[in-house]
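Chain residues, written in single-letter form:
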Amino acid sequence: MSLIRKILDLFSKRSKASTGGGEKAIAKQLKQGKWTARDRITYLLDDGSFREYDLFVEHKCHDFGMDKKQLPGDGVVTGIGKISGHPICIYAQDFTVAGGSLGLAHARKITKIMDHALKLGVPLIGINDSGGARIQEGVNALAGYGEIFFRNTNASGVIPQISVILGPCAGGAVYSPALTDFVFVVEKVSKMFITGPEVIKTVLGEEISMEELGGARVQAEVTGNAHFYAETEEECFQQINRLVSFIPWNNRKKATPFPTKEPDAKYKIADVFPELATKPYDVRDVIRCLVDDSDFLDVQSAWAANIVTGFGRMSGQTVGFVANQPLVLAGVLDVDSSDKAARFIRFCDAFSIPLITLEDLPGYLPGADQEHAGVIRHGAKVLYAYSEATVPKLTVIMRKAYGGGYIAMCSRHLGADFVFAWPSAEIAVMGPLGAANIIFRREIAEAEDPEAMRQEKVDEYTEKFANPYVAAAAGYVDAVISPEETRDFLLHALEASSHKTEQRPEKKHGIPPF
Amino acid sequence: MSDKTKSHKLIIDDEVYETRLTEKYKKRKPWVPVNPRRILAVIPGVIIEVSAKEGRSVKRGDSLLVVEAMKMKNDIFAPLDAKIGKVHVQVGDITKKSQLLIELV
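These numbers come from a predicted model, not from an experiment.

Draft legend 1. How the structure looks around the interface of chain B and chain A. Every contact between the two is made by 20 residues of chain B and, on the other side, 24 residues of chain A. Within the residue set of the side of chain B that touches chain A, elements represented by two or more residues are β1 (8-12) and β2 (15-19) of chain B. When residues in the side of chain B that touches chain A are grouped by element, the largest group, five residues, is from β2(B). Considering only residue class, the side of chain B that touches chain A consists of 10 nonpolar, two polar and eight charged.

Take a look at the structure:
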């Protein structure tokens, strides 16, 4: 065969393999409202940047008629492309080929691109759309999953890992996304669960649809497995691009800086922040008063909304925000919000993203359900994550900083580098009313006019403790600042800590209260 | 205002906060003390044996019935010395989680 014939032959082979499961299977995929694996990659990445590898990989399974089955690409597309001009590694399971089922060759393509990502120091994006383990391959399919999980764990904290759930992702398969840093879901497309509706019906007699059990909304609002929810695949890919603009390529790099932009003039702290400690407000509006261009990316916005976690930029550099949200459950810490905050703090610390904590919380959520769900164990994760973090840690106490909540929200005592407090800050063991009711129980009970006495004692306690100056006198607060000065103080503190290094005792690893 | 954005009151340390509640918070189950004389199903399953007889005395640890669940046969034992009050299930019944099986007196 002449070279020209060989080249033509290559093109024809490539074109055949690139059609995946063929026209019929593709039509079925589209009918389900889903995009094909290659279309997804093309839309997500920079135009013309994607190069596919391992297109001709074949499985070696001979059982159950598999020897007669040709599976193009073995049901997964892998390769390297770019986002915003920077290289990233990607794989997308191809549901049109044997339902995107995972066999050993399929898994080895994934682990190969994962190994690449780790060596090249670039993010890994995995698009999941698979019926699960290729049963004909038996234990080899399970081996495949295990090898992926092992690499997810190895890469954790070294390169950012992003999972996109664009189809079923069930059984053992769910644990790869669960080990990664950010999970994206799309309405009506994503389905994630360990055991499906059929098994639940058989074992428990409970009838539940796939959507109700593990659909996009459930993952974004109820379980906290997902970080970003989108109505369409298109919106999802735009969200990924936006997230990626905030994060560094690996743990030795900083995120690409942006030009500094002042916050939008329409955001003023005086307009969004009520002084009275029991009044709600949306803390995300306070963040928008502080960050460049008022541009804030809310991470896990719909789950445990009593705490806000997300990214913004200060002077062009990415920072991570953790903020109590008085709008929801008065901004308390509880089981879920503790988990959410702790995970986010650890991501920021692993990738050298400075942390800014905005504090306004009445304490922990009371209730037998919380205690029995392990609020002690979960709450401890926040203490652990903040104490362990060595990135610049800046704290702004806006209003309430009561009790254990005060300590937990990146207090000086957990190693905050800068602690600022607004004049409205109340740093105390509890609110004035609760404190007066305990300390002056007898005086109030024995008074001729108990209500007047209670008010007197509340005022006394407020005067004495419900302010930032006791903590400032002890040096626990570095500066009491007016809300309008906050951005300036934060910019100054970030600049001052740009060369920060902090050593921890040498150890193999700590033992966080998982 | 939709229910999702409606302002509720949340009391923490006597202080009343205006705020929104989460679905999870609204759906939480209030704590009820465990009554050892009410034997409830801990797992859904099928009753395959009932040895408890109404009116008969049992000692702590005596088997009351056997529930098959998740392919395992589980003996349900009396948690204390008592007399059998009412038996609410019979062999072949499919029980739900937390369903009342037997009352002791």
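Draft legend 2. The arrangement of the domain arrangement of chain A in detail. All names here are of chain A. By the assigned domains, chain A splits into domain 1 (12-246), domain 2 (269-431 + 467-496) and domain 3 (433-465). Relative placement of domain 2 and domain 3: their C-alpha centres are 30 Å apart. The interface of domain 2 with domain 3 comprises five residues on the first partner and four residues on the second.

Draft legend 3. Up close: the pairing of strand β10 (residues 100-104) of chain B. When strand β3 (residues 38-40) of chain B meets β10(B), the two strands line up antiparallel, connected through three bridges. Along β10(B), the bridge assignment pairs I39(B) with I102(B).

Draft legend 4. Representation of the environment of K86(B) in the model. All names here are of chain B. Among the secondary structure elements, K86 is positioned in strand β8 (residues 82-87). C-alpha separation for the pair K86 and R60, spaced 26 residues apart in sequence, amounts to 17 Å. Filtering out sequence-adjacent residues up to four positions away, K86 remains in contact with E54 and E103.

Draft legend 5. Inspection of the sheet that holds strand β3 (residues 86-93) of chain A at higher detail. Residues and elements named next belong to chain A. Reading across the sheet, the seven strands line up as β1-β2-β3-β4-β5-β7-β9 and stay open at both edges, with mixed pairing between neighbours. Of all the strands in the sheet, the pair left with one neighbour each is β1 (51-53) and β9 (228-230). Put simply, the sheet's adjacent strands are angled 20 degrees from each other on average, direction ignored. Across eight bridges, strand β2 (residues 76-83) lies against β3 in antiparallel orientation. Looking at β3, one finds that I83 is bridged to H86. Lying on the sheet, helix α3 (residues 37-44) is in contact with β2, β3 and β4 (124-128); it crosses β3 at an angle near 160 degrees.

Draft legend 6. Broad picture of the pairing of β8(B). Residues and elements named next belong to chain B. Of the strand pairs in this sheet, strand β5 (residues 57-58) and β8 are connected by two bridges, and their pairing is antiparallel. In the sheet register, S57 faces β8, and the bridge partner there is K83. Across three bridges, β8 lies against β10 in antiparallel orientation. Across the sheet, the residue bridging to K86 is E103, located in β10.

Reading the values: the criteria
Residues numbered from 1 in each chain as written. Chains lettered and ligands numbered in written order. Predicted model: local features only at pLDDT ≥ 70, side-chain atom pairs only at ≥ 80, totals over all residues. Contact = placed C-beta atoms within 7 Å. Helix = DSSP H or I, 4+ residues; strand = E, 2+ residues; numbered from the N terminus. Nonpolar A, V, L, I, M, F, W, Y, C, P; charged D, E, K, R; others polar. Domains from an automatic or database assignment. Pairing = 2+ DSSP bridges. Axes fitted to C-alpha atoms, helices over the stretch in contact; angles between N-to-C directions.

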